[in-house]
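# Structural characterization, general
Now for the letters of each chain:
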Amino acid sequence: YGNAVDAYCRALRYREEAWDGRKKAKGNGSSSSDEKVELMTVEDLTCQRQLIETCVLIAEALLACPEGEDVVCDLDDNNDDEEERAKVSSSGAAAAAAQPKKSNVKVLVPSKERKNFIQSYYEMAREGLEELLYRMGKMKGANIDIGDEKRDIGYCVMMVVGIGNAMEAEK
């Protein structure tokens, strides 16, 4: 699950950039409620929903990690030192076995902070969802067709509720 947390955290940056880009493109750099109404396209809803879903996926992956253990991910082979690999290949397996092994994992979240991280990503998702539902309601009120996005937002609501319930059950 640690590798999933790592992948989702990497994706989160791109989702945030996409959402911020949409807001800036429409001149909505601030967060006052009057300006939120201007982001009233299906594409705006989709972009924000995907950001919320990414926060939920991070929280779900953190919840799935064993309690009491650090959340770790594997380091990829690109992080290895080229010189170290050259030494191993030229000196043979016996010399490689004599060298201390480098850790191939990276601690993403220490075990004692896991619940705080889950709570943080849940709060980000919940706050984004409130804004998304407000915008969706304004669009429906203005008779703007949102098509299948309504169904996708419904699934997103269930994902956020599921995280809230899972957090409550873990207490």
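See the structure printed just above.
Residues numbered from 1 in each chain as written. Predicted model: local features only at pLDDT ≥ 70, side-chain atom pairs only at ≥ 80, totals over all residues. Heavy atoms only, no water.

### Some remarks on the overall build of the chain
Counting its secondary structure elements, the chain contains 6 helices and 2 strands. Classification of the 171 residues of the chain by burial places 29% in the buried group. For the chain, contacts bridging at least 24 residues in sequence account for 83% of all contacts bridging at least 6. Summing over all exposed atoms, the chain offers an accessible surface of approximately 10,400 Å²; the carbon and sulfur share of this is 50%. (Helix = DSSP H or I, 4+ residues; strand = E, 2+ residues; numbered from the N terminus. Buried < 20%, exposed > 50% of the residue type's maximum accessible area, 1.4 Å probe, protein only. Contact = heavy atoms within 4.5 Å. Areas by Shrake-Rupley, 256 points an atom, 1.4 Å probe, with all protein chains shown as cover.)

### Quick word on the nonpolar core
Residues Leu45, Ile52, Leu62, Tyr121, Val160 and Ile163 are the most contacted members of the largest nonpolar core, which totals 33 residues. At 11 residues, the largest contribution of residues to this core is made by helix α3 (residues 42-64). The contact partners of Leu45, leaving out residues within four places of it in the chain, are Leu132, Arg135, Met136, Met139, Ile146, Glu149 and Ile153. (Core = buried A, V, L, I, M, F, W, Y, C linked by side-chain atoms within 4.5 Å.)

### So, α3
For α3, built from 23 residues, the straight-helix expectation of 33 Å at 1.5 Å per residue is met to within 8% by its first-to-last C-alpha distance of 32 Å. The element α3 is largely enclosed, with a buried count of 17 among its 23 residues. (Expected span 1.5 Å × (residues − 1).)

### Details of the pairing of strand β1 (residues 71-74)
Here β1 shows a buried face lined by Val71 and Cys73 and an unburied face lined by Val72 and Asp74. Looking at chain direction, β1 and strand β2 (residues 105-109) are connected through 4 bridges and run antiparallel. Pairing of Asp74 across the sheet is with Val105, part of β2. (Pairing = 2+ DSSP bridges.)

### Examining a nonpolar patch on the surface
Together, Val72, Val105 and Val107 line one region of the surface with nonpolar side chains, adding up to about 200 Å² of accessible area. Its location among the elements puts Val107 in strand β2. (Patch = residues over 30% accessible without salt bridge, like charges linked within 9 Å, V, L, I, M, F, W, Y side chains within 5 Å. Salt bridge = Lys/Arg side-chain N within 4 Å of Asp/Glu carboxyl O.)

### Examining the layout of surface pockets
The computed volume of the second largest pocket comes to approximately 190 Å³. As for the second largest pocket, its lining consists of Trp19, Lys23, Gln48, Leu51, Ile52, Cys55, Met124, Glu127, Gly128 and Glu131. The set of elements that each furnish at least two residues to the lining of the second largest pocket consists of α1 (2-25), α3 and α5 (114-141). Considered class by class, the residues forming the lining of the second largest pocket number 5 nonpolar, 2 polar and 3 charged. (1 Å grid on protein atoms, 1.4 Å probe; cavity = no way out; pocket = protein on both sides within 12 Å on 5 of 7 lines; lining within 4 Å. Points joined across faces, edges and corners; volume = space filled by probe spheres on them. Nonpolar A, V, L, I, M, F, W, Y, C, P; charged D, E, K, R; others polar.)

### As for the environment of Glu113
Looking at where Glu113 falls in the secondary structure, it is placed in the loop between β2 and α5. For Glu113 and Gly68, which are 45 residues apart along the polypeptide, the C-alpha to C-alpha distance reads 9.9 Å.

### Considering the environment of Ile144
Position of Ile144 relative to the elements: it lies in the loop between α5 and α6 (149-170). Apart from the residues lying within four places of it in its own chain, the contact partners of Ile144 are Met40 and Met139.

### Comments concerning the packing of α5 against α6
Where α5 meets α6, the closest approach of the two axes is 10 Å, and the angle between their N-to-C directions is 150 degrees. By the criterion of interaxial angle, the relationship of α5 to α6 is roughly antiparallel. In terms of crossing hand, the pair formed by α5 and α6 is left-handed. Every residue of α6 that contacts α5 at Arg114, Lys115, Ile118, Gln119, Tyr122, Ala125, Arg126, Leu129, Leu132, Leu133, Met136 and Lys140 is listed here: Lys150, Ile153, Cys156, Val157, Val160, Ile163, Gly164, Met167 and Glu170. Of the residues belonging to the contact of α5 with α6, the class tally is 13 nonpolar, 2 polar and 6 charged. (Axes fitted to C-alpha atoms, helices over the stretch in contact; angles between N-to-C directions. Parallel < 35°, antiparallel > 145°, perpendicular 65-115°, else oblique. Left-handed = near helix turned anticlockwise from the far one by under 90°.)

### Some words on unusual backbone geometry
For Asn143, which is not glycine, the phi dihedral falls at a positive 55 degrees. Inspection of the secondary structure assignment puts Asn143 in the loop between α5 and α6.

### Overview of the packing of α3 against α6
Where α3 contacts α6, the axes come no closer than 10 Å and their chain directions differ by 25 degrees. Between α3 and α6, the interaxial angle falls into the category roughly parallel. α6 is crossed by α3, and the crossing has left-handed handedness. Judged by residue contacts, Val42, Leu45, Thr46, Arg49, Ile52, Glu53, Val56, Leu57, Ala59, Glu60 and Leu63 of α3 engage Glu149, Asp152, Ile153, Cys156, Met159, Val160, Ile163, Ala166, Met167 and Glu170 from α6. Per-class residue counts for the contact of α3 with α6 are 14 nonpolar, 1 polar and 6 charged.

Just distances and angles here, no functional claims.
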